[in-house]
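# Residue-level structure breakdown
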Amino acid sequence: MAEHEHVRVAVIGSGFGGLGAAVRLRREGITDFVVLERAGGVGGTWRDNSYPGCACDVPSHLYSFSFAPNPDWPRSFSGQEHIRAYLERVTDTFGLRPHLRFNAEVKRMTWDAERLRWDIETTGGNWSADVVVSATGPLSEPKLPDVPGLDTFPGKVFHSARWDHDYDLRGKRVAVIGTGASAIQIVPSVQKQVEKLTLFQRTPAWVLPRMDRPIGAAERAVHRALPFTTKLRRGLLWGIRELQVQAFTKHPGELGFVEQLAKRNMARAVKDPALRAKLTPDYRIGCKRILLSSTYYPALAQPNVDVVASGLTEVRGSTLVAADGSEAEVDAIVFSTGFHVTDMPIAERVVGPEGKTLADVWSGGMQALRGASAAGFPNWMTIIGPNTGLGNSSMILMIESQLNYMADYLRQLDVLGGRVALDARPSAVRAWNHRVQERMKRTVWNTGGCTSWYLDASGRNTTIWPGTTAEFRRATRRVDLAEYAVLRAADAQPGAGAENAEVAA
Ligand SMILES: Cc1cc2nc3c(=O)[nH]c(=O)nc-3n(C[C@H](O)[C@H](O)[C@H](O)COP(=O)(O)OP(=O)(O)OC[C@H]3O[C@@H](n4cnc5c(N)ncnc54)[C@H](O)[C@@H]3O)c2cc1C
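The numbering scheme is per chain: residues are counted from 1 as the chain's sequence reads. In keeping with the predicted nature of the model, local features appear solely for residues at pLDDT of at least 70, side-chain atom pairs appear and are counted solely at 80 or more, and the whole-chain, interface and lining totals rest on all residues. Hydrogens and water molecules were not included; the side-chain quantities draw on all heavy atoms of the structure.

An unreviewed UniProt entry annotates the chain as Baeyer-Villiger monooxygenase of Streptomyces variabilis. UniProt positions are given in the numbering used here, feature names are shortened, and annotations may be inferred rather than shown by experiment. Checking UniProt for the chain, the heading Sequence similarities (unreviewed entry) contains the comment "Belongs to the FAD-binding monooxygenase family."

Before going further, it helps to spend a moment on the sheet that holds strand β15 (residues 327-329). Across the sheet, three strands lie side by side as β13-β14-β15; this open sheet has antiparallel pairing. On the outer flanks of this sheet lie β13 (312-316) and β15, each paired with one strand and no other. Going across the sheet, the axis of each strand differs from the next one's by a mean of 25 degrees, ignoring polarity. Two strands form a pair only when DSSP identifies at least two bridges running between them. The secondary structure listing takes helices from DSSP runs of H or I that are at least 4 residues long and strands from runs of E that are at least 2 residues long, numbered from the N terminus. Across three bridges, the pairing between strand β14 (residues 319-322) and β15 is antiparallel. Across the sheet, the residue bridging to Thr319 is Glu329, located in β15. Under this scheme, a helix contributes an axis fitted over its contacting stretch, all axes are lines through C-alpha atoms, and angles between N-to-C directions fall in the 0 to 180 degree range.

To continue, consider the pattern of salt bridges. The salt bridge criterion pairs a side-chain nitrogen of Lys or Arg with a carboxyl oxygen of Asp or Glu, the two atoms within 4 Å. Counted by the stated rule, this structure contains 28 salt bridges. Its salt-bridge partner being Asp112, residue Arg115 comes within 3.1 Å of it at the nearest N-O pair. A salt bridge links Asp331 to Arg173, with the shortest nitrogen-to-oxygen separation between them at 2.8 Å. Taken as a pair, Asp331 in the loop between β15 and β16 (332-335) and Arg173 in strand β8 (residues 173-177) lie far apart in primary sequence, 158 residues in all. Summary of the burial criterion: residues with accessible area below 20% of their type's maximum are buried, those above 50% are exposed, and those between are partly exposed, where the area comes from a 1.4 Å probe applied to protein chains only. Residue classification places Asp331 among the partly exposed residues on the basis of a relative accessible area of 23%. What you see here is one network of salt bridges that share partners, running through Arg24, Glu28, Asp408 and Arg411.

To continue, consider the confidence of the model for the chain. Detailed reading of the predicted coordinates is not advisable wherever pLDDT falls low. On a scale of 0 to 100, pLDDT captures the predictor's confidence in every residue. Looking at the chain as a whole, the pLDDT averages 95, with 97% of positions reaching at least 70. A low-confidence stretch, residues 492-505 (pLDDT under 50), is modelled with 29 contacts involving residues beyond four sequence positions or located in other chains. The contact definition used throughout considers only heavy atoms, calling two residues in contact when any of these lie within 4.5 Å.

A few words now on the pairing of strand β1 (residues 5-12). Judged by how many residues are buried, β1 sits mostly within the fold: six of eight residues are covered. Sheet topology places β1 next to strand β6 (residues 125-134); seven bridges connect them, and they run parallel. Within the sheet, the bridge partner assigned to Val7 lies in β6 and is Ala129. In this structure, β1 lies alongside strand β2 (residues 33-36), joined through four bridges in parallel fashion. Paired with Val11 across the strands is Val35, a residue of β2.

The full set close to the ligand counts 36 residues, and Gly17, Glu37, Thr45, Asp57 and Tyr63 are the nearest of them. Phe16 places a main-chain nitrogen or oxygen 3.2 Å from an oxygen atom of the ligand. N or O atoms closer than or at 3.5 Å make up a polar contact, with two conditions inside protein: a donor-capable atom paired with an acceptor-capable one, and, for residues adjacent in sequence, both atoms drawn from side chains. One nitrogen or oxygen atom from the side chain of Arg47 is found 2.9 Å from an oxygen atom belonging to the ligand. Only the protein chains shown count as cover for residues, and all accessible areas are computed by the Shrake-Rupley method using a 1.4 Å probe. Contact with the protein chains hides 96% of the accessible area of the ligand, taken as 970 Å² for the molecule alone. Sorting the residues of the shell around the ligand by element identifies α1 (16-27) and α2 (45-48) as the ones contributing at least two each. Ranked by the residues each element gives to the shell around the ligand, the list is headed by α2, at three residues. Nearness here has a simple test: a residue counts as near a molecule or strand if at least one of its heavy atoms is within 4 Å of that partner.

Written out as structure tokens, the structure is:
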């Protein structure tokens, strides 16, 4: 590899995962690391998603780092700009700036089996690292459907995660494609400005009321003066969600009453029975992500909104054609069609010892030991890896568990000493995934009668953790060396020969 700098750890991405990893590394006394980020600033999801109405659907006091509580959250559910500002503050408070390398998109990482290190090529220079912590995000690569004729569309087209703020939607005929978490925030935020809004809905969503409210000055002052109250609040928010998990994972039948709440949320705003019928899902609530909004249904009931209960199949000039044959003339298309999730894009750029990419190895579906390590890719781990997603709580809880695992991984390497790498044993990866998939069988995500972005092309759920966050915390507290082969560099082992020696763990 050309001129490069060597570091002990290369973290990729500067969202919650990458920044959290950086804080944890420093707390473990490790300063020899870089954070490689393709964009020009930190924030990940909360930098890229700046669409109107973008906000979190987990309360702020839970959707933040436990080690960086924020007594000053202005609302119970924060908007994008507040979460982004929070991540900027975390970056400064924990002294992360010197480690950040912006405009450094990782193009390729290749395992050097002789030297036991990763060679990393980026658009901003090259690095090598003993360990790679990949925090490129579960929802960071926008997915655009391949719609025939889209190239003939004369108007404006963009994805919700790449909002074009220079384009004025006022007075325009706008199509929103999709009814996921982003779409239900965008629709009520733009409905009043546009001349006409056409929503293309392949599958309706279950939408519960959003109990959002400003957090007043007095409440914030209490949190500032008595820090344990912030912790208490977080603990309560966490506990409630932990108690809900069983309904999702073991007793989906119990979710019926939640459907009633969602139906009431709709009935309050949508009086037209035909529209209500279009908007009522036919699958169990929770099978797809439950959405929170108190403004979505009222917006859909407005006269300038049309719901096409059918997917977009073709574009003919400025005419959008749905699967059911209905047509709409529009000036702009906003794709709220989600992200590449089960085909984790970074996997194509990770090249293992035999020249195979992680994407090749995962062609039948992603799987990793404890959501972190893939067999055959030593000293490479991912934050929010396979089966670490949540259906009902804060991803920050899972990220922090994975950071515990990362910290112990590095400690184990230290204890082993010398130039050494850990490679997840295929049997351990298989056993872990077998357990995960067995538990998945009863969950609402697999039995609820929907297809969702949680499932891969073969219908396997490779994204969601089928348990409580506490269970995952326990499972990732320590690295079990029996689950790894320990690799040592040949030159570190006199007489070990030209090949790297595998030392039984
Ligand atoms: C609109 C939206 C709303 C959400 N709401 C919630 C919510 O309410 N609750 C919840 O728990 N979760 C929510 N999520 C999920 C959210 O993605 C996670 O909670 C969390 O922010 C993920 O953090 P991350 O660091 O893993 O990934 P990201 O925040 O996506 O960060 C990944 C970073 O990696 C960088 N990157 C990617 N590829 C490369 C590369 N090749 N080279 C260099 N850098 C690279 C990206 O530029 C990005 O900065 C939401 C996601 C979206 C999109």
